[in-house]
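Listed below are the residues making up each chain.
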Amino acid sequence: MRDTPKASGRSTAGQTGQTSATDALREEILDLAIGPMPGWGTGCARDIMATLKSDSEPFPCVFAVAAAHRGGLRFGFVEDLRDERTWSVLPDILATYLSVYQSISRDTSLVVFFGPGEGAAGQDNDDVLSYEQRFWSILSYLHDRDGEPWPSDIPTDTDDPGWEFSFRGTPIFVVCNTPAHRRLRSRSGPVFTITFQPRWVFTGLEPTSPRGAAARKVIRERLARTDEVDSTPLLGSYGDPANREWKQYYLRDDASVADSCPFHAGAGRRSADTAAGKATVETPRAMAGASVAGASVAGESVAGESVAESARPAPTEPGATGPFKVVVNQEQQYSVWPHGRPNALGWFDTSVTGSRQHCLDNIELTWADMRPRSLRRRMSGHAGAGSSGGASSSGGAPRVRSGRYGVVGGPDPAAGRGPVATSSV
């Protein structure tokens, strides 16, 4: 988040205080982030949290509101909506979230923000129909990189009332928000956003249950106050013979939908072994037993804590050929992975690709503090409840190697209604 200074009269102490507050906010968001977070990510997460916690204008989706208040939200970030090459981080973000979501909270959602690339966040010129095409392309992209078969109990026909988008064997309710939505304000946001809510979240909230009926009544009342057009005829209940789940995923600004669903579940999948990341990989010099302030970081103990062997890639032969890419895990530790192979669970792409040596050299400059982020947070006294999902900040830790540490991002997006959508009602 970038702060704009006053023209004059601001003390150094005031600037320092503001910087500290900004850094503290970024660290709080990092505690809830899965995968790398760009510079513009702090503003996106800040705005959505403010929207969901607003008392003056209650947000329609009571499930998302509950997740915000109870620490159940997790955030993911994709650098460029238009550049499919940057989407490669998305399957890893979603897979990592699905591996832990039941341990987060019964009220939980994954909110993924898509950046504008070289453009200014929040100044997107795409119209609602263009965004609609991108949305279904992204779901198809995820489906093609799933690596697991479609769940046997979920129909593949989108015209079946039991259909639901699924990934890694988990049925998920999906909703999209865009900057182009104006009249349908519950589907509006400063950047293109997709929210993933596992079907498990709605267990016990069926329309026939008292809690489910009460929640849906509140959602519909809030929608009537928020939106300029009535979308409730399209918002059905999962499994209802008259309901088609896909119609709730992307609503146009006049509360209409496409004539047919563009998504098709296919049988073709990469092998489970490949998708799970069972491929050998180079572990950089920095992870090969180097000691930092007495802490070993090669699967050994780090200040008394173990780094799980399964959480880091296995080394390749030194003479392995490329190309390669630099990957980063939840604890902001870096490694080298063969380009084009799916990542191991919990590891995410960075923008660095090239020869093995180029990747290792980049890590030398980037990984300035080898302590895991959670350890740095505890040592600085700022550990948060959601620290299991962080990425990309040094947390103010002392530098132990020359070079810059962290992920460089673009400007904050324009302020506006946070992009979280209405759930199935």
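Just so it is clear, the model here is predicted, and its values are computed rather than measured.

Cut-off values and rules
- Residues numbered from 1 in each chain as written.
- Predicted model: local features only at pLDDT ≥ 70, side-chain atom pairs only at ≥ 80, totals over all residues.
- Heavy atoms only, no water.
- Pairing = 2+ DSSP bridges.
- Helix = DSSP H or I, 4+ residues; strand = E, 2+ residues; numbered from the N terminus.
- Contact = heavy atoms within 4.5 Å.
- Axes fitted to C-alpha atoms, helices over the stretch in contact; angles between N-to-C directions.
- Salt bridge = Lys/Arg side-chain N within 4 Å of Asp/Glu carboxyl O.
- Buried < 20%, exposed > 50% of the residue type's maximum accessible area, 1.4 Å probe, protein only.
- Expected span 1.5 Å × (residues − 1).
- Polar contact = N/O pair within 3.5 Å; in protein donor to acceptor, adjacent residues only side chain to side chain.
- pLDDT = per-residue confidence, 0-100.

1. Some remarks on the sheet that holds strand β5 (residues 193–198)
Strand order in this open sheet of five strands is β1-β2-β5-β4-β3, and the pairing throughout is mixed. The open sheet is flanked by β1 (73–78) and β3 (166–167), the only strands paired with a single partner. As defined by bridge partners, strand β4 (residues 170–177) adjoins β5 across six bridges and the pair is classed as antiparallel. Bridge assignment links valine 174 to a residue of β5, and that residue is phenylalanine 196. Docked against the sheet, helix α3 (residues 62–69) engages β1, β2 (109–114) and β5, running at close to 100 degrees with respect to β1.

2. So, the sheet that holds strand β12 (residues 347–354)
Taken together, the three strands give an open sheet; going across it, the order is β11-β10-β12, and neighbouring strands pair in antiparallel fashion. Of all strands in the sheet, those bounded by a partner on one side alone are β11 (334–338) and β12. Within the sheet, the average angular offset between the axes of one strand and its neighbour, ignoring direction, is 35 degrees. Strand direction decides the pairing type here: strand β10 (residues 324–329) and β12, joined by five bridges, are antiparallel. Bridged to phenylalanine 324 within β12 is glycine 354. Running over the sheet, helix α9 (residues 356–366) touches β10, β11 and β12 and is turned about 115 degrees from β12.

3. Focus: the pattern of salt bridges
One pass over the structure, following the stated rule, counts 18 salt bridges. Taking the shortest distance from any N to any O, the salt bridge between aspartate 31 and arginine 377 comes out at 2.4 Å. Here aspartate 31, found in helix α1 (residues 12–32), pairs with arginine 377, found in helix α10 (residues 373–380); they are 346 residues apart in sequence, far enough to count as distant. In this structure, the salt-bridge partner of aspartate 126 is arginine 82, at a minimum N-O distance of 3.5 Å. Placement of the pair is aspartate 126 in the loop between β2 and α6 (128–144) and arginine 82 in the loop between β1 and α4 (89–98), with a sequence separation of 44 residues. The exposure class assigned to arginine 82 is partly exposed, which follows from its relative accessible area of 40%. Where salt bridges share partners, they join Glu27, Asp31, Arg373 and Arg377 into one cluster.

4. Digging into the side chain of glutamate 132
Secondary-structure assignment places glutamate 132 in helix α6. Judged by relative accessible area, glutamate 132 falls into the buried class, the value being 6%. With residues near it in sequence (within four places) discarded, glutamate 132 still touches Tyr250, Arg252 and Ala258.

5. So, α6
Taking 1.5 Å per residue, 17 residues should reach 24 Å; α6 reaches 24 Å between its end C-alpha atoms and fits that length. Looking at α6, one finds that the buried residues are Val128, Tyr131, Glu132, Phe135, Trp136, Ile138, Leu139, Tyr141, Leu142 and His143. Those residues of α6 that are buried are in contact with α4, β2, β3, β4 and β5.

6. What about the pairing of β5?
Burial of β5 is extensive: six of the six residues sit out of reach of the surface. With burial as the criterion, each face of β5 is covered, one bearing Thr193, Thr195 and Gln197 and the other bearing Ile194, Phe196 and Pro198. Bridging between β2 and β5 involves four bridges; their strand directions are antiparallel. Bridge assignment links leucine 110 to a residue of β5, and that residue is phenylalanine 196.

7. Some remarks on the environment of tyrosine 250
Turning to its location among the elements, tyrosine 250 is positioned in the loop between α7 (210–226) and α8 (272–275). Sequence-distant contacts of tyrosine 250, defined by excluding residues within four places in its chain, comprise Val128, Tyr131, Glu132, Phe135, Trp136, Cys176, Thr178, His181, Arg187 and Val257. In this structure the side chain of tyrosine 250 is engaged in a polar contact, spanning 2.6 Å, whose partner is the backbone oxygen of valine 128. Polar side-chain contacts of tyrosine 250 include one of 3.4 Å to the backbone nitrogen of glutamate 132.

8. Considerations on the confidence of the model for the chain
For the chain, per-residue confidence averages 76 on the pLDDT scale, and residues scoring 70 or more make up 70% of the total. Here residues 387–425 scores under 50 on pLDDT; set against residues more than four positions off or in separate chains, the count is 173 contacts.

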